[in-house]
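Chain residues, written in single-letter form:
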Amino acid sequence: QVQLVESGGGLVQAGGSLRLSCAISGRTSTLYTMTWFRQAPGKEREFVALIIGSGGSTDYADSVKGRFTISRDNAKNTVYLQMNSLKPEDTAIYYCASYRLPLRVGRGVSDYDYWGQGTQVTVSS
């Protein structure tokens, strides 16, 4: 059974940084795309960033491009989201997600099979 556990959220002032982690258990293959989503209060869950394979390709939402960096440590079976220059509009619950099948890639929330419990990020102005 695949499990995803996020950590690293918290309260930070605008302009600050946080690093989120997503620990993966139940499988180790880097063939699986790993993705971060977020959901702000009253809004739909939205795509943030994804990493394909062992880290050769990444994709970012326009709203975070240049400020956020997704990476993975295969030895630790963990995916990270480094968030810099945070803005109040980045406030949300952040989730990591993955597909059941390898080599799938995409931004659609409903396409993903495995989800973590989420970690709260709050950016104060």
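Structure shown above.
Criteria and cut-off values
- Sequence positions are assigned chain by chain, starting from 1 and proceeding in written order.
- Restriction of local features to residues with pLDDT of at least 70 applies here, the model being predicted, together with a cutoff of 80 or more for giving and counting side-chain atom pairs; totals for whole chains, interfaces and linings are based on all residues.
- The basis for every side-chain value is the complete set of heavy atoms in the structure, and neither hydrogens nor water enter the calculation.
- Within this scheme, the nonpolar core is defined by two criteria: the residues are buried Ala, Val, Leu, Ile, Met, Phe, Trp, Tyr or Cys, and they are joined through side-chain atoms within 4.5 Å.
- The buried label goes to any residue with under 20% of its type's maximum accessible area, the exposed label to any with over 50%, and the partly exposed label to all in between, with areas taken from a 1.4 Å probe on protein chains only.
- By definition, any uninterrupted DSSP run of H or I lasting at least four residues is a helix, any uninterrupted run of E lasting at least two residues is a strand, and each is numbered from the N terminus.
- For this text, the term disulfide refers to a pair of cysteine sulfurs within 2.5 Å.
- We call two residues contacting when some pair of their heavy atoms lies within 4.5 Å.
- Think of a salt bridge as a Lys or Arg side-chain nitrogen and an Asp or Glu carboxyl oxygen that are within 4 Å of each other.
- Whether two strands pair comes down to DSSP finding at least two bridges between them.
- Geometry is summarised by axes, namely lines fitted to C-alpha atoms with helices restricted to the contacting stretch, and by angles between N-to-C directions that run from 0 to 180 degrees.

**Considering the nonpolar core**
Phase 1 of the analysis: Counting residues in hydrophobic clusters, the biggest one holds 34 residues, and the most contacted among them are Trp 36, Leu 81, Met 83 and Tyr 94.
Phase 2 of the analysis: If you list the elements that add at least two residues to this core, you get strand 3 (18-25), strand 4 (34-39), strand 5 (46-52), strand 7 (68-73), strand 8 (78-83), strand 9 (92-98) and strand 11 (119-124).
Phase 3 of the analysis: Considering every element that reaches this core, the biggest residue donor is strand 5, with five residues.

**Quick notes on the state of the cysteines**
Phase 1 of the analysis: This model, assessed by the stated rule, comprises one disulfide.
Phase 2 of the analysis: There is a disulfide in this structure between Cys 22 and Cys 96, and the S-S distance comes to 2.0 Å. Residues Cys 22 and Cys 96 are joined through a disulfide that is right-handed, its torsion about the S-S bond being 60°. Here Cys 22, found in strand 3, pairs with Cys 96, found in strand 9; they are 74 residues apart in sequence, far enough to count as distant.

**Notes on the side chain of Ser 21**
Phase 1 of the analysis: Summarising the element assignment, Ser 21 is placed in strand 3.
Phase 2 of the analysis: Those residues in contact with Ser 21, other than ones at most four positions away along the chain, are Val 5, Glu 6, Ser 7, Trp 36, Thr 78, Val 79 and Tyr 80.

**A look at the pattern of salt bridges**
Phase 1 of the analysis: Under the criterion given, the structure shown has five salt bridges.
Phase 2 of the analysis: For Asp 62, the salt bridge identified is with Lys 65, shortest N-O distance 3.3 Å. For the pair formed by Asp 62 and Lys 65, the shared burial category is exposed.
Phase 3 of the analysis: A salt bridge links Asp 90 to Arg 67; the nearest nitrogen and oxygen atoms lie 2.7 Å apart.

**Considerations on the pairing of strand 1 (residues 3-7)**
Phase 1 of the analysis: In strand 1, alternate side chains face the same way, and those of Leu 4 and Glu 6 are buried while those of Gln 3, Val 5 and Ser 7 on the opposite face are not.
Phase 2 of the analysis: Here five bridges tie strand 1 to strand 3, and the two strands are oriented antiparallel to one another. Within strand 3, the residue paired with Gln 3 across the bridge is Ser 25.

**A word on the sheet that holds strand 3**
Phase 1 of the analysis: The four strands lie next to each other as 1-3-8-7, forming an open sheet whose pairing is antiparallel. Each end of this open sheet is capped by a strand with a single partner; those strands are strand 1 and strand 7. Strand-to-strand twist in this sheet, taken as the mean axis angle between neighbours without regard to direction, amounts to 15°.

Everything listed here is a matter of geometry and, on its own, says nothing about what the molecule does.
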